[in-house]
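# Structural overview
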Amino acid sequence: MSVSESGPNRSVITRLRDRLEGPNTIGNSKMFWAGFGVALLALLVFPVFGNAQQFSLFLVLALLGLSLSLVWGYSGVLSFGQVAFFGIGGYTFGVVSINFATPQGITGAVIVGILAGAIGAALLGYFMFYGGVRDVYVTIITLVTVMVLHTFMAQTAGSEWTIGEAALGGFNGMPRIPLLTLGFEGLSFQFLYNDILLTVPGMGIVELDPFYYLALAILVITYLGLRVLVNSDYGRVMVAIREDETRTQLFGYNVIQVKFVAFTLGGALAGLSGVLYAARNVFIDPTVFTLLFATLPVIWVSVGGRKSLLGAIVATIAIEYIRVSMEGELALVLLGALLTVTILVLPGGFVPWVYRMVQKRTNPADIDGRETPDASTEVTDS
Amino acid sequence: MVNWLNQVFLFLDSFAFIVLAALGLAIIFGIMGIINLAHGEFILVGAYSTTLAVTKLGLPLVVAMVVGAFATAIFGLLVERVIISGAFPNWLAQRTIGRDIVEPLYDRLADSMVATFGLSLIMIQGARIIFGNSMDQIATPFGNVSYGSFSYSTYRIVLAGVSIGILAAVYYLFTRTDYGMRARATIQDETTARALGVDTERTYMATFAIGSGVAGLAGALFAPIAPMQPTMGSDYLVEAFVAVVVGGSSAVLGTALSGGLLGAIQAMFSSTYGTFFGRIALLVTAILALRFLPDGITGFIERVRTRRQEAK
């Protein structure tokens, strides 16, 4: 690529771009980053015009989509159970924050929630990957794990299912989760129900939702961080495993360990998403473990393009927006049709397809060879 | 004594439920490499069409059940042509843009799961739009048997017998008929089978229709005892799914063995700790079984048999 001149004269921005760009992500051009900046700016001013409180939910769920894109799209492990770690994170956050409802306690609960998601994924991942469970059986074990959690949480209505102050509540769920407050005693900030008032010329006083900005910041940081990860050497090994596991193993890579680490990292991200979900709704119930909810991340990631982090984000926001705004009877029918048609006609997903179209139209000569190689054109030995 | 009898009835009930729910799914998974997440909704098609045949057309129950099974088989055939093989969209595309647009979903496990899940969403919501949130149920035939302080629906005991009958029929179909031979040849090695003159596409079509018909028959048999709701399919999917993977790739033997194992475990835990824990025990058994027998029970049997033959 023309920007990566070697030598000490490379500017900080060029070096940063080098880390962020590579064959495993779409969008390695100045045009893309310009578009990225415009989109980010639009999201920053969105609360002035739109319903930020509703939109923050989509940003939180996009994190869950990203976690599945990492695990499935990049490491080739189809986890039908990302919502298990999402739910574990959310429930853990609820239990800890109800018991320690101080700013330190709630901040700690966020960390413990993320850790719980990661530990849940690590335990299940260790059990599966080091036990030699492969392919579709991983998918089925993760799906069944979600079912176990759903059946278990649904029967926790009794008073014996109370941890400290927090009652798990069975089907009725766990209410009265404290408002999200980060920091420590004396220096803390409450992100929920705490409008920032801003005077905009021509519009008067505008109320901004700090939780929206928190979710947006976490999403953008996670996206950029994952871009760095998947374009690093480690990311290349992950992609190699996705494309041909046996061959990667024969090259001497520890395939099992890489899958285990990616799965655990995905669990931590899903846990973070679950924490923010429970904090935003100040409530969590076993619907997070239902089959429909377990399938949503798979839908987002397949429709958006599973080999693309950006696809996961765009599709999550778009599909959830459609789902919420189409409260009619036909919403699920359309969602199902969208899903089936996408898998049949565009198995690679929407976002990579749109990106290819745009690239072809604007600059047909500038296919710079850093895009993802198409797996089906590779020589395979099967 | 009475408690022991109760245990047996609980086991027969679980066994019949698991076998009937799983068999159609097992046929389609074992032969075509398709995981049909709309399987529960195929059962729903069978149950709904049986109920409608009784309440709207006034057919006798047994005839209505056959109608239910056939309706689901035809529906399955349509699904195979449109979604699984993509033959119909490709036919259209050939005539409009001159090239295929869909690649068949055979042996693409993840994609087949996602595509059929989309289908199941459409079917659940479609059933809700057309038939509403519940439907009149047909009466359970045969009355009850009672023993001690317990009483039990005779129909459920009959179901256990019927499920064994269906297992035997499917076993006969796949091992003793020409179609069965072609179907097994197609699983073993599709390319060679095609080279030897087997029309694999037709075999896939027939297999999907048969698997759907068996699912529809299960729905027809459950129509008198299960609540008729648009979401009823999801009650069957998980158990079916688990039974198929625990059983392994051999459709009939695997389903029978895993139905026996999982049914026994569910009955034992349900009677001691309640239905919730019965279900949890079943699911945990499935997770452990997959971890220690990744090819299922029949895969394990196969391995032991091969090892014995080598030792000789």
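Before going into details, it helps to say that this report is about the structure given with it. (Residues numbered from 1 in each chain as written. Chains lettered and ligands numbered in written order. Predicted model: local features only at pLDDT ≥ 70, side-chain atom pairs only at ≥ 80, totals over all residues. Heavy atoms only, no water.)

### Section: the overall build of chain B
Looking only at helices and strands, chain B features 13 helices and two strands. In terms of its C-alpha atoms, chain B occupies a principal-axis envelope of roughly 70 × 60 × 35 Å. Burial status across chain B gives 52% buried among its 312 residues. Taking all contacts inside chain B whose residues are at least 6 apart in sequence as the whole, residues at least 24 apart take part in 73%. With an accessible surface of roughly 14,000 Å², chain B has 64% of that area assigned to carbon and sulfur atoms. Looking at chain B, you have 19 positive and 18 negative side-chain charges, and the mean spots of the two groups are 4 Å apart. (Helix = DSSP H or I, 4+ residues; strand = E, 2+ residues; numbered from the N terminus. Buried < 20%, exposed > 50% of the residue type's maximum accessible area, 1.4 Å probe, protein only. Contact = heavy atoms within 4.5 Å. Areas by Shrake-Rupley, 256 points an atom, 1.4 Å probe, with all protein chains shown as cover. Lys, Arg positive; Asp, Glu negative; His and termini not counted. Charge placed at Lys NZ, Arg CZ, Asp CG, Glu CD.)

### Comments concerning unusual backbone geometry
Residue and element names in this part refer to chain A. Positive phi values are uncommon outside glycine, yet Arg-176 reaches one of about 60°. Mapped onto the elements, Arg-176 comes out in the loop between β2 (166–167) and β3 (181–184). Here the phi dihedral of Val-282 falls at roughly 40°; this positive angle occurs in a residue that is not glycine.

### A few points about the packing of aromatic side chains
Two descriptors summarise a pair of aromatic rings, namely the distance from one centre to the other and the angle between the planes of the rings. Under the defined criterion, the tally for this structure stands at 33 aromatic pairs over all chains. Pairing Phe17(B) with Phe222(B) gives two aromatic rings, centres 5.5 Å apart and planes at 55°, and the pair type is tilted. Residue Phe17(B) is located in helix α1 (residues 2–32), and its partner Phe222(B) is located in helix α9 (residues 200–222); the two are separated by 205 residues in the primary sequence. Put simply, the rings of Phe46(A), Phe55(A), Phe58(A), Tyr212(A), Tyr213(A) and Tyr321(A) touch in pairs and so form one group of aromatic residues. Directly above the ring of Phe127(A) sits Arg291(B), whose terminal nitrogen or CZ lies 5.6 Å from the centroid. (Phe/Tyr/Trp six-rings, centres within 6.5 Å; stacked < 30°, edge-to-face > 60°. Lys NZ or Arg CZ within 6 Å of the ring centre and 35° of its normal.)

### Let's talk about the packing of helix α11 (residues 251–273) of chain B against helix α12 (residues 275–292) of chain B
All names here are of chain B. Two elements in contact, α11 and α12, have axes separated by 7 Å at closest approach and are oriented at 150°. As for how α11 packs across α12, the hand of that crossing is right-handed. For the pair α11 and α12, the contacting residues are Leu-262, Ile-265, Gln-266, Phe-269, Ser-270 and Tyr-273 in the first and Thr-275, Phe-277, Gly-278, Arg-279, Ala-281, Leu-282 and Thr-285 in the second. Residues of the contact of α11 with α12, tallied by class, amount to seven nonpolar, five polar and one charged. (Axes fitted to C-alpha atoms, helices over the stretch in contact; angles between N-to-C directions. Left-handed = near helix turned anticlockwise from the far one by under 90°. Nonpolar A, V, L, I, M, F, W, Y, C, P; charged D, E, K, R; others polar.)

### Brief notes about the pairing of β3(A)
Residue and element names in this part refer to chain A. With four bridges joining them, β3 and strand β4 (residues 187–190) adopt antiparallel strand pairing. Residue pairing in the sheet places Leu-182 in a bridge with Phe-189 of β4. Counting the residues that bridge the hairpin from β3 to β4 gives two residues, and of these Gly-186 lies at a positive phi of roughly 95°. (Pairing = 2+ DSSP bridges.)

### Here we look at the interface of chain A and chain B
Note: interface size is frequently given as the accessible area lost on complex formation between the parts. Contacts between the two partners involve 39 residues from chain A, matched on the other side by 40 residues from chain B. Buried surface at the junction of chain A and chain B, both sides included, amounts to about 3,600 Å², of which 83% is carbon and sulfur. Counting the surface chain A buries against chain B, the share from its top three residues, Tyr137(A), Thr151(A) and Leu344(A), is 17%. For the pair chain A and chain B, the interface holds zero salt bridges. Viewed at the interface, chain B and chain A are joined by four residue pairs in polar contact (both at pLDDT 80 or more). Mapped by element, the contributors of at least two residues to the side of chain A that touches chain B are α6 (135–154), α11 (291–304) and α13 (331–345) of chain A. The element contributing the most residues to the side of chain A that touches chain B is α6(A), with 13 residues. Looking at side-chain class alone, the side of chain A that touches chain B contains 29 nonpolar, nine polar and one charged residues. (Buried area = accessible area lost by both parts, 1.4 Å probe. Salt bridge = Lys/Arg side-chain N within 4 Å of Asp/Glu carboxyl O. Polar contact = N/O pair within 3.5 Å; in protein donor to acceptor, adjacent residues only side chain to side chain.)

### Digging into helix α7 (residues 210–230) of chain A
In this model α7(A) runs 30 Å from its N-terminal to its C-terminal C-alpha over 21 residues, within 8% of the 30 Å that 1.5 Å per residue would give. Capping of α7(A) at its N-terminal end is provided by Asp209(A); its side-chain oxygen lies 3.1 Å from the backbone amide nitrogen of Phe211(A). (Expected span 1.5 Å × (residues − 1).)

### Some details on the layout of surface pockets
All names here are of chain B. Looking at the second largest pocket, its volume works out to about 1,400 Å³. What lines the second largest pocket is a set of 46 residues, among which Met-232, Ser-234, Asp-235, Tyr-236 and Arg-279 lie closest to the centre. When its residues are assigned to classes, the lining of the second largest pocket shows 24 nonpolar, 15 polar and seven charged. (1 Å grid on protein atoms, 1.4 Å probe; cavity = no way out; pocket = protein on both sides within 12 Å on 5 of 7 lines; lining within 4 Å. Points joined across faces, edges and corners; volume = space filled by probe spheres on them.)

### Some thoughts on the side chain of Glu41(B)
Residue and element names in this part refer to chain B. Inspection of the secondary structure assignment puts Glu-41 in helix α2 (residues 39–55). Buried charge without a partner: Glu-41 forms no salt bridge, and the closest opposite charge is Arg-128, 9.4 Å away. For Glu-41, the residues in contact, after removing those within four places along its chain, are Ser-120, Met-123, Ile-124, Gly-233 and Ser-234.

### Some details on the pattern of salt bridges
In total, this model carries 13 salt bridges over all chains according to the counting rule given. Glu21(A) is the partner of Arg17(A) in a salt bridge, and the nearest nitrogen-oxygen pair spans 2.8 Å. Exposure remark for Arg17(A): the relative accessible area of 12% places this residue in the buried category. By relative accessible area, Glu21(A) is classed as buried at 2%. Ionic pairing is found between Arg194(B) and Glu190(B), a salt bridge with its closest N-O pair at 2.7 Å. In this pair, Arg194(B) and Glu190(B) are both assigned in helix α8 (residues 190–195), four residues apart and thus about one turn of the helix distant. Its relative accessible area of 47% is what places Arg194(B) among the partly exposed residues. Looking at Glu190(B), the relative accessible area reads 24%, which means it is partly exposed. One salt-bridge network, held together by shared partners, links Arg242(A), Glu243(A) and Lys307(A).

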